[in-house]
Each structure stands twice: as structure tokens, then as C-alpha cells.
Amino acid sequence: MMIVMKPTATQEEIDHVIARVHSVGARAHVSKGEEVVVIGAIGDREHVARLELEGAPGVSQVVPILKPYKLSSSQLRPGGERSVFEIGGRRIGGEHFALIAGPCTVESREQVLETAAVVKDAGAAMFRGGAYKPRTSPYAFQGLGQAGLRLLAEVKAIHGMPIVTELMDVRDLEAVLEVADVIQIGARNMQNYTLLAEVGRTGCPVLLKRGLSATLEELLMAAEYVLKEGNEKVILCERGIRTFETAYRFTLDLMAVPVLRQLSHLPVVVDPSHAAGRRDLVAPLSLAAAAAGADGIIVEVHPNPEEAICDGPQALRADEFAEYAASVERAAAVAGKAFTTA
Ligand code: PEP
Ligand code: MN
């Protein structure tokens with residue numbers, strides 16, 4: 001249920017509504033728009049229905065939230081405002097476009113420092129790199145773990161870039177939190193609800209990747225698990241889904257960009273690397289994503305892709321990255337967005 005206050009509502013009237021919401025065991029999510037305050041009553045449907053706040057002092061109208069996801073729904077923002085998050089001095093959302101770049105996996109000190117220097121110079125806002133890797137084969141390299149996190153900490157100390165890195169197991173949460181500015185939840189963990197709730201409790205921004213076969217509604221319900229714990233900073237990520245097509249690794253669902261932006265106020269980024277599985281497709285997909293209104297791109301880059309331990313065929317070459325970034329910046333401008341910088 002959504003309680004829209006009158007533009008003239010006093011703080012006392014707002015507090016009264018919040019107290020009523022709490023009294024039926026629901027949570028009150030208050031958003032202050034430019035004109036009015038909107039209070040989302042989030043909780044058991046039947047209890048919330050008993051609120052009967054129509055006609056209460058200061059209340060303009062009471063509207064049901066029709067979607068099963070509530071906190072991520074754009075309905076909670078009647079003014080249409082988008083969520084904008086500040087992460088290590090960079091912004092994402094609204095007019096701010098974040099290019100997130102780095103290797104698939106952290107391999108060595110030289111590899112991450114060299115890549116970070118290149119992507120930072122080219123205008124990337126954040127550095128990506130996995131220390132814990134979800135691999136299809138249990139025999140494949142699983143990531144450097146804590147040693148990888150230490151290398152990411154060096155990248156941050158030397159280049160001052162915010163770090164995006166994946167968390168797979170809640171037992172690694174503390175270690176990951178020491179270096180991560182954004183915790184990535186991988187496609188394969190999108191519906192790991194205990195993990196989602198746990199990162200929700202940290203308050204650390206989360207980049208939530210769409211599952212390989214997940215619907216947009218399932219993605220938004222997964223985001224809801226994080227938001228429900230009080231963590232408002234969720235970035236949605238389209239990374240390609242499974243279809244009958246076998247000519248490329250996954251099918252990038254670009255329609256997800258405008259549709260998610262209609263359904264939700266949360267920023268939406270696109271990962272062209274994992275969708276394509278092939279370097280030659282990464283630039284065209286990135287341009288299309290930026291022009292379609294994505295709030296950012298997360299892309300894999302390697303100084304020497306032929307020697308990459310993981311995902312080499314899809315990694316952009318570091319020495320070609322500046323040209324790539326410039327073209328993405330132009331495409332983002334088409335959609336009215338500018339690269340965010342420190
Ligand atoms: C990754 O970003 O390196 C990754 C493994 O992505 P996904 O979870 O989308 O497959
Ligand atoms: Mn990868």
C-alpha cells in the first residue's frame with residue numbers, strides 16, 4: 001500500500017501515518033519527492049489493508065502497490081525520480097553513467113595494476129575483478145580468494161578507484177567488505193536468498209546480476225530481498241539470458257533496459273562481455289546498451305587476453321580500451337547521460 005500525502009501535510013501528520021503503519025506490524029518506507037511525501041506500507045497484505053487511512057489528516061490518497069516487488073518498484077516514486085547512488089565519489093543513476101571495467105578474474109599484481117591504469121585513464125568510474133569466481137567446472141581456477149582481495153586493495157590504494165567484486169559465500173563477507181565498494185552477486189546466485197539478505201544487512205552497494213533464466217520480475221524480487229533489509233543501493237545488471245540461439249554465449253536482452261527502467265527506480269547496467277562471450281561483439285552491444293538508456297556498463301578488459309586464465313576470448317584488449325570508452329561515452333550522451341568521474 002502506498003500512502004500519498006498532500007503537499008500541505010505537516011510533519012506531525014506524516015509521523016502519525018508512519019505510527020499507524022507500524023501499529024499493524026508493517027514497515028513504513030518514506031520517500032520525499034519534490035512535491036509530496038509518499039509512505040510505502042510494506043508488510044503483510046491483510047494487515048496493511050486494515051490501515052484505513054483514506055481521509056486521515058494530511059493524506060491525499062491511498063493506492064495499492066500492484067506489483068509483488070514493492071521497494072524496487074517505480075510506483076514508490078510517483079514523481080518518477082530515479083535512484084542515484086554515490087559510490088566512492090562517483091555517481092550512478094539519473095544522468096550519471098558509470099563505466100565499470102577490469103579483468104574477469106584477479107590473476108596477478110601486474111595484471112590488475114596495469115589494467116586499472118588503462119581503464120582509469122580512459123574514464124572508467126570503477127574497477128571490476130573477481131577474487132572468488134563461480135566456474136562451471138569445479139576443476140577450473142576458482143579465483144585467488146583472499147590474496148586476490150589484497151591485490152584489489154592495492155588497486156584502490158594506488159589508483160583510487162572504487163572496487164566491484166563478487167561475493168559467492170557468506171563466509172567470505174567480512175573479507176570482501178574490507179575492499180569492496182560494490183558487492184557483485186553473480187547470475188548463478190541471483191536467487192540465493194540467504195546471501196541476498198546478508199548483503200542487504202551490510203548496507204554496501206550491490207550489483208545484482210540477472211540469472212541465466214530469470215524473468216525481470218524474478219530479478220526485481222531478488223533485489224527486494226536486499227532492499228528489505230534496509231540496503232537501498234541495488235544496481236540491476238542485465239548480462240544475457242539463455243535462449244535457443246547457439247551462435248553466441250548468451251542472448252543480451254536489451255529490452256530489459258528500458259523495461260526495467262519503467263518498472264523500477266533502480267539503476268540498470270549492462271554486461272556485454274558475458275552475454276557475448278566474444279570480443280568482437282562487445283563494442284556494438286555496449287553502444288546499443290548505452291543508447292538504450294543503461295546507467296552503466298560492466299565490461300571485461302585484459303592486458304593480454306590470450307593469456308587470461310578466465311574469459312579471455314571476451315576480454316577487450318587494454319590497448320584498445322580508450323577508443324572503446326570514448327565511443328561508449330558518445331552513445332551514453334545520445335541517451336542524455338554523461339560519464340561520472342571522481
Ligand atoms: C563475472 O562477472 O565475472 C561473472 C561470472 O558474471 P555472471 O555471474 O554474470 O556470469
Ligand atoms: Mn568473466
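Residues numbered from 1 in each chain as written. Chains lettered and ligands numbered in written order. Predicted model: local features only at pLDDT ≥ 70, side-chain atom pairs only at ≥ 80, totals over all residues. Heavy atoms only, no water.

Asks: Would you mind going over the overall build of the protein with me for this structure?
Replies: Helices and strands together make up the secondary structure of the protein, namely eleven helices and 16 strands. Since a compact globule built from 342 residues should have a radius of gyration of about 20 Å, the 21 Å found for the protein is in line with a globular shape. Taking the principal axes of the C-alpha coordinates as reference, the protein spans close to 65 × 45 × 45 Å. Within the span of the protein, comprising 342 residues, buried residues form 54% of the whole. (Helix = DSSP H or I, 4+ residues; strand = E, 2+ residues; numbered from the N terminus. Rg over C-alpha atoms; globule rule 2.2 N^0.38 Å. Buried < 20%, exposed > 50% of the residue type's maximum accessible area, 1.4 Å probe, protein only.)

Asks: Whenever I open this one, the pattern of salt bridges confuses me. Can you help?
Replies: Any two side chains of opposite charge can pair, given that their charged atoms come close. Within the structure shown, the criterion is met by 14 salt bridges. A salt bridge links Arg210 to Asp253, with the nearest nitrogen and oxygen atoms 2.8 Å apart. Of this pair, Arg210 sits in the loop between β11 (206–209) and α7 (216–228) while Asp253 sits in the loop between β12 (234–238) and α8 (256–263); the two residues are 43 residues apart in sequence, bridging distant segments of the chain. We note that Arg210, like Asp253, is buried. (Salt bridge = Lys/Arg side-chain N within 4 Å of Asp/Glu carboxyl O.)

Asks: Just to check I follow, could you spell out the environment of Val199 for this structure?
Replies: Structurally, Val199 can be placed in helix α6 (residues 193–202). Distance from Val199 to Val170, taken between C-alpha atoms, is 8.4 Å for residues 29 residues apart in sequence. Not counting the four nearest positions on each side in its chain, Val199 is found in contact with Leu167, Leu173, Ile183, Ile185, Cys204, Val206, Val226 and Asn231. (Contact = heavy atoms within 4.5 Å.)

Asks: Would you mind showing me how to read the pairing of β12 here?
Replies: Each regular strand shows side chains that alternate between the opposite faces of the sheet. The buried count for β12 comes to five of five residues, which makes it a mostly enclosed element. The two faces of β12 match: Val234, Leu236 and Glu238 on one face and Ile235 and Cys237 on the other face are all buried. Here β11 pairs with β12 via four bridges, running parallel. When the bridges of β12 are listed, Leu208 appears paired with Leu236. Once you follow β11 into α7 and on to β12, the crossover reads as right-handed. Summarising the sheet, β12 and strand β13 (residues 268–270) pair through three bridges and their orientation is parallel. Paired with Glu238 across the bridge in β13 is Val270. As a crossover connection, the stretch from β12 through α8 into β13 is right-handed. (Pairing = 2+ DSSP bridges. Right-handed = clockwise from strand over helix to strand, strands pointing away.)

Asks: What is the right way to read the sheet that holds strand β4 (residues 59–63) from this model?
Replies: The strands making up a sheet associate through backbone hydrogen bonding, with each pair oriented either parallel or antiparallel. On the basis of which strands lie adjacent, the open sheet formed by four strands has the order β2-β3-β1-β4 and antiparallel pairing. Looking at which strands have only one partner, the edges of the open sheet turn out to be β2 (27–32) and β4. This sheet shows a mean twist of 20° between the axes of neighbouring strands, independent of strand direction. As defined by bridge partners, strand β1 (residues 2–5) adjoins strand β3 (residues 37–42) across three bridges and the pair is classed as antiparallel. Bridge pairing in β3 places Met2 opposite Gly40. (Axes fitted to C-alpha atoms, helices over the stretch in contact; angles between N-to-C directions.)

Asks: Looking at this structure, how should I read the coordination of the manganese ion (ligand 2)?
Replies: Ideal geometry at a metal centre: 109.5 degrees between donors when four sit tetrahedrally, and 90 or 180 degrees when six sit octahedrally. Each protein donor to the manganese ion (ligand 2) is listed here as Cys104 (SG), His274 (NE2), Glu300 (OE) and Asp311 (OD); together their distances run 2.0 to 2.4 Å. Between the donor residues of the manganese ion (ligand 2), the gaps in sequence give the motif C-x169-H-x25-E-x10-D. You can see His274 sitting in helix α9 (residues 272–276) and its partner Asp311 sitting in the loop between β14 (296–302) and β15 (316–317), a full 37 residues away along the chain. Judged by relative accessible area, His274 falls into the buried class, the value being 9%. (Donors = N, O, S within 2.8 Å, 3.2 Å for Na, K, Ca; no water.)

Asks: Got a minute to help me understand empty space enclosed by the protein in this structure?
Replies: The final tally for this structure, using the stated rule, is one cavity of 30 Å³ or more. When its volume is computed, the largest cavity comes out at roughly 30 Å³. What lines the largest cavity is Arg128, Gly129, Gly130, Lys133, Val164, Thr165, Glu166 and Gln184. Residue contributions to the lining of the largest cavity peak at three residues, all from strand β9 (residues 163–166). Tallied by class, the residues present in the lining of the largest cavity amount to one nonpolar, four polar and three charged. (1 Å grid on protein atoms, 1.4 Å probe; cavity = no way out; pocket = protein on both sides within 12 Å on 5 of 7 lines; lining within 4 Å. Points joined across faces, edges and corners; volume = space filled by probe spheres on them. Nonpolar A, V, L, I, M, F, W, Y, C, P; charged D, E, K, R; others polar.)

Asks: What am I meant to see in the packing of helix α10 (residues 279–291) against helix α11 (residues 321–334) here?
Replies: When two helices pack together, you describe them by how their axes are tilted relative to each other and by the distance separating the axes. At a minimum axis distance of 7 Å, the contact between α10 and α11 shows a crossing angle of 25°. By the angle class used here, α10 and α11 are roughly parallel. Considering only the axes of α10 and α11, their crossing is right-handed. Counted together, Val282, Ala283, Ser286, Leu287, Ala290 and Ala291 of α10 and Tyr324, Ser327, Val328, Ala331 and Ala332 of α11 form the full contact between these two elements. The residue makeup of the contact of α10 with α11, split by class, is nine nonpolar, two polar and no charged. (Parallel < 35°, antiparallel > 145°, perpendicular 65-115°, else oblique. Left-handed = near helix turned anticlockwise from the far one by under 90°.)

Asks: Explain unusual backbone geometry to me, please; I cannot follow it from the model alone.
Replies: Comment: phi is negative for the bulk of residues other than glycine, and the bulk of peptide bonds are trans. The backbone of Glu52 sits at a positive phi, close to 45°, despite the residue not being glycine. With a relative accessible area of 62%, Glu52 lands in the exposed category. Phi angles above zero are rare outside glycine, and Asp311 is one such case at about 60°.

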